[in-house]
Amino acid sequence: VSDSNRRWLVRRRPEGWPEVDDFELVEAPIEAPGEGQVLLRNLYLSVDPYMRGRLRDRDSYAPPVGIGDVMVGSAVAEVVESRAAGLAAGDVVESPTFGWQEYAAVDAAGLRRVDPELAPVSTALGVLGMPGLTAYFGMLDVCELRPGTTAVVSGAAGAVGSTAGQIARIHGCRAVGVAGSDEKVDWLTGELGFDAAINYKTAGSLTRALAAVCPVGIDAYFDNVGGPITDAAIRLLALRGRVAICGQISIYNATEAQTGPRLLWELVARRARIEGFLIFDYRDRYREGLEKLGGWVRSGELRYRETVVDGIERTPEAFISMMRGGNIGKMLVKVG
Ligand code: NAP
Ligand code: FER
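Here the structure is a predicted model, which is why all the values come from computation and not from measurement.

Draft legend 1. Quick peek at the nonpolar core. Membership of the largest hydrophobic core comes to 40 residues, with the highest contact counts inside it found for Met139, Leu145, Ile167, Leu188 and Leu293. Broken down by secondary-structure element, the contributors of at least two residues to this core are helix H2 (130-142), strand S8 (150-154), helix H3 (159-170), strand S9 (174-179), helix H4 (182-189), strand S11 (218-223) and helix H8 (286-299). In this structure Leu293 touches Val127, Leu128, Gly132, Leu133, Tyr136, Thr163, Ile167 and Leu302, once residues within four positions along its chain are discounted. Grouped together as the second largest cluster of nonpolar side chains are 34 residues, Val47, Val93, Val106 and Ile320 included.

Written out as structure tokens, the structure is:
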């Protein structure tokens with residue numbers, strides 16, 4: 001155990017694409033845990049698209065991160081010292097409020113215990129954590145998958161998308177992915193068993209490319225990205241098609257005001273539905289989701305991949321790289 005806590009503060013709000021210099025690495029003393037708290041040592045830090053929203057000076061589901069504050073983020077961490085019942089030194093937990101730092105003293109009440117026997121502990125930030133649950137509820141609840149139908153996923157090689165497409169397959173659907181490189185497309189149609197996938201950067205007309213692999217239309221579209229990929233998917237919706245808006249990463253760094261949506265007339269004759277959702281609304285069902293996802297991981301039906309960047313000093317770089325598509329599967333920073 002070192003006696004200094006390296007942590008990343010927000011130096012300024014990004015305009016457009018985030019830069020490493022929007023953050024500042026400082027050293028602080030390690031805090032002592034109070035009553036009901038534990039001192040945690042970070043093992044893996046998650047970098048996620050929602051962080052771009054938290055850097056904006058605008059309230060959403062949570063207030064923005066303040067300038068000079070430790071950047072927000074969840075971590076898988078090890079208990080160093082416990083002043084809380086039920087947790088002991090050496091236990092591994094997931095902390096959604098940990099922040100971009102090496103150590104934190106946090107309330108035990110907000111922690112989820114992670115079982116190292118079940119799977120590598122890093123999965124608690126990916127397939128067996130928030131992204132996996134997002135895929136699970138978005139696909140099953142919002143998209144209402146039915147066997148034999150066609151499900152399209154954008155951002156398909158990322159943490160949420162790679163899980164969402166496999167959940168479609170597990171439920172007897174044709175799974176089609178859209179992703180940003182040939183290596184990602186090969187992973188989806190190879191190891192992950194997607195029925196088809198297209199590289200949106202080289203496909204030419206996205207409507208034509210998607211139509212070719214969805215000859216009878218799209219019954220469920222799980223959208224992580226928005227923009228032209230989503231325009232194409234909406235044009236191809238089948239009768240009573242369902243669209244789950246999970247995220248719109250293609251516009252998170254946009255500096256111009258966005259127009260649209262403007263293809264909504266396509267929903268009329270198809271009696272189609274578009275619905276946004278937020279994972280936090282499913283809190284009461286996380287246990288169900290994690291049991292299902294854990295079962296599929298153990299049986300080998302659900303596979304996952306992680307792109308791991310080594311060292312807390314590279315956290316902003318990892319975050320920016322993820323926003324630019326540098327990850328296959330879940331992007332993580334290995335800290336401890
Ligand atoms: P991720 O997919 O692992 O990483 C982001 C990916 O976005 C990149 O790898 C990149 O892959 C893709 N991307 C970046 N710019 C793009 C563009 N202009 N067009 C198309 N794709 C682009 O991230 P994640 O954590 O799984 O999150 C995926 C989405 O889910 C995000 O939109 C996120 O905000 C959303 N989300 C929502 C909830 C919720 O509760 N609603 C919860 C978690 C996540 P390519 O190489 O394919 O471009
Ligand atoms: C995300 C994108 C957006 C996410 C949450 C949001 C948990 C919420 C945005 C808002 O409330 O404005 O990836 O993940």
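Draft legend 2. Spatial organisation of the site of ligand 2. Lining the immediate surroundings of ligand 2 are Tyr50, Arg58, Ser60, Tyr61, Met130, Tyr252, Leu278 and Phe280. Coverage of ligand 2 by the protein amounts to 72% of the 370 Å² it exposes when considered alone. Residue classes in the shell around ligand 2 are distributed as six nonpolar, one polar and one charged.

Draft legend 3. Spatial organisation of the packing of aromatic side chains. Counted under the stated rule, the structure contains seven aromatic pairs. Taken together, a centroid distance of 4.8 Å and an interplanar angle of 35 degrees make the contact between Phe23 and Trp100 tilted. Pair noted here: Phe23 is in strand S2 (residues 23-29) and Trp100 is in the loop between strand S5 (92-95) and strand S6 (103-107), with a separation of 77 residues, a long-range link. In this pair, the class of Phe23 matches that of Trp100, namely buried. Ring centres 6.1 Å apart and planes at 45 degrees place the aromatic pair Tyr136 and Trp296 in the tilted group. Residue Tyr136 is found in helix H2, and its partner Trp296 is found in helix H8; the two are separated by 160 residues along the sequence. Ring pairing ties together the aromatic residues Tyr136, Phe137, Tyr282 and Trp296, which thus form one cluster. Above the plane of the ring of Trp187 lies Arg305, whose end atom (NZ or CZ) is 5.6 Å from the centre.

Draft legend 4. Main features of the packing of H2 against H3. Two numbers describe how H2 lies on H3: the axes approach to 8 Å, and their chain directions differ by 45 degrees. Relative to H3, the element H2 is oriented oblique. In the packing of H2 onto H3, the handedness of the crossing is right-handed. In this structure, H2 contributes Pro131, Gly132, Thr134, Ala135, Tyr136, Met139 and Leu140 to the contact, and H3 contributes Ala159, Val160, Thr163, Ala164, Ile167 and Ala168. Considered class by class, the residues forming the contact of H2 with H3 number ten nonpolar, three polar and no charged.

Draft legend 5. Spotlight on the packing of helix H5 (residues 206-213) against helix H6 (residues 227-235). Running from amino to carboxyl end, H5 crosses H6 at an angle of 50 degrees, the nearest separation of the two axes being 9 Å. Taken together, H5 and H6 sit at an angle that is classed as oblique. In terms of crossing hand, the pair formed by H5 and H6 is right-handed. Residues Leu206, Thr207 and Leu210 of H5 pack against Pro228, Ile229, Ala232, Ala233 and Arg235 of H6. Across the contact of H5 with H6, the residue classes break down as six nonpolar, one polar and one charged.

Draft legend 6. Region of interest: the pattern of salt bridges. Here the structure, examined in full by the defined rule, presents 19 salt bridges. Measuring nitrogen to oxygen at the nearest pair gives 2.9 Å for the salt bridge that ties Glu35 to Arg83. One end of the pair, Glu35, is in the loop between S2 and strand S3 (37-46); the other, Arg83, is in the loop between strand S4 (75-82) and S5, with 48 residues separating them in the sequence. The exposure class of Glu35 is exposed, given its relative accessible area of 64%. Residue Glu78 is joined to Arg41 by a salt bridge in which the shortest nitrogen-to-oxygen separation is 3.1 Å. With a gap of 37 residues between them, Glu78 in strand S4 and Arg41 in strand S3 connect regions that are remote in the sequence. Using a relative accessible area of 24% as the deciding quantity, one classes Glu78 as partly exposed. You can call Arg41 partly exposed: its relative accessible area is 25%.

Draft legend 7. Inspection of empty space enclosed by the protein at higher detail. One pass over the full model with this rule turns up one cavity of 30 Å³ or more. Residue lining of the largest cavity: Gly126, Val127, Ala159, Ser162, Thr163, Tyr304, Arg305, Glu306, Gly329 and Lys330, and that is the complete set. With three residues, the top contributor of residues to the lining of the largest cavity is H3. For the lining of the largest cavity, the class distribution of residues is three nonpolar, four polar and three charged.

Basis of the calculations
Residues numbered from 1 in each chain as written. Chains lettered and ligands numbered in written order. Predicted model: local features only at pLDDT ≥ 70, side-chain atom pairs only at ≥ 80, totals over all residues. Heavy atoms only, no water. Core = buried A, V, L, I, M, F, W, Y, C linked by side-chain atoms within 4.5 Å. Buried < 20%, exposed > 50% of the residue type's maximum accessible area, 1.4 Å probe, protein only. Helix = DSSP H or I, 4+ residues; strand = E, 2+ residues; numbered from the N terminus. Contact = heavy atoms within 4.5 Å. Near = heavy atom within 4 Å. Areas by Shrake-Rupley, 256 points an atom, 1.4 Å probe, with all protein chains shown as cover. Nonpolar A, V, L, I, M, F, W, Y, C, P; charged D, E, K, R; others polar. Phe/Tyr/Trp six-rings, centres within 6.5 Å; stacked < 30°, edge-to-face > 60°. Lys NZ or Arg CZ within 6 Å of the ring centre and 35° of its normal. Axes fitted to C-alpha atoms, helices over the stretch in contact; angles between N-to-C directions. Parallel < 35°, antiparallel > 145°, perpendicular 65-115°, else oblique. Left-handed = near helix turned anticlockwise from the far one by under 90°. Salt bridge = Lys/Arg side-chain N within 4 Å of Asp/Glu carboxyl O. 1 Å grid on protein atoms, 1.4 Å probe; cavity = no way out; pocket = protein on both sides within 12 Å on 5 of 7 lines; lining within 4 Å. Points joined across faces, edges and corners; volume = space filled by probe spheres on them.

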